[in-house]
Amino acid sequence: MSDRIEEREIEGLLEAKNSLKVDNSVILTWDYEGEVKGIRALPLWKWLLE
């Protein structure tokens, strides 16, 4: 897990993901790309180009 993504952000997304029964979720970051506890982390510029 990236040290730049705070645990509170991850936990909040996991709760919302479970509550809304959503399969996909994304954290937009400045420059980190990867996966954190089943949540996709993507730099903002890449997300804007998708």
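The structure reproduced in this document is the subject of the present report. (Residues numbered from 1 in each chain as written. Predicted model: local features only at pLDDT ≥ 70, side-chain atom pairs only at ≥ 80, totals over all residues. Heavy atoms only, no water.)

1. Concerning the pairing of strand S3 (residues 39-43)
Then comes step 1: In terms of burial, S3 is largely enclosed, as four of its five residues are buried.
Then comes step 2: One ladder, built from four bridges, connects strand S1 (residues 26-29) with S3; its direction is parallel. Looking at S3, one finds that Leu 28 is bridged to Leu 42.
Then comes step 3: Where strand S2 (residues 34-36) lies against S3, three bridges are found, and the strand directions are antiparallel. (Buried < 20%, exposed > 50% of the residue type's maximum accessible area, 1.4 Å probe, protein only. Helix = DSSP H or I, 4+ residues; strand = E, 2+ residues; numbered from the N terminus. Pairing = 2+ DSSP bridges.)

2. Focus on the nonpolar core
Then comes step 1: Counting residues in hydrophobic clusters, the biggest one holds seven residues: Ile 5, Ile 10, Leu 14, Ile 27, Val 36, Ile 39 and Ala 41.
Then comes step 2: At the level of secondary structure, the elements contributing two or more residues to this core comprise helix H1 (7-20) and S3. (Core = buried A, V, L, I, M, F, W, Y, C linked by side-chain atoms within 4.5 Å.)

3. Overview of the environment of Lys 46
Then comes step 1: Locating Lys 46 in the fold gives a position in helix H2 (residues 44-49).
Then comes step 2: Exposure remark for Lys 46: the relative accessible area of 29% places this residue in the partly exposed category.
Then comes step 3: Separated by 17 residues in the primary sequence, Lys 46 and Thr 29 place their C-alpha atoms 9.9 Å from one another.

4. Looking at the sheet that holds S2
Then comes step 1: With respect to topology, three strands assemble into an open sheet ordered S1-S3-S2, the strand pairing being mixed. What marks the edges here is a single partner per strand, and that holds for S1 and S2. The mean inter-strand angle of the sheet, taken between neighbouring strand axes irrespective of direction, is 30 degrees. (Axes fitted to C-alpha atoms, helices over the stretch in contact; angles between N-to-C directions.)

5. Remarks on the pattern of salt bridges
Then comes step 1: One pass over the structure, following the stated rule, counts four salt bridges.
Then comes step 2: The residue Glu 33 makes a salt bridge to Lys 46 at a minimum N-O spacing of 2.6 Å. Note that Glu 33 is positioned in the loop between S1 and S2 and Lys 46 in helix H2, a separation of 13 residues in sequence.
Then comes step 3: The class for Glu 33 is partly exposed, based on a relative accessible area of 43%. (Salt bridge = Lys/Arg side-chain N within 4 Å of Asp/Glu carboxyl O.)

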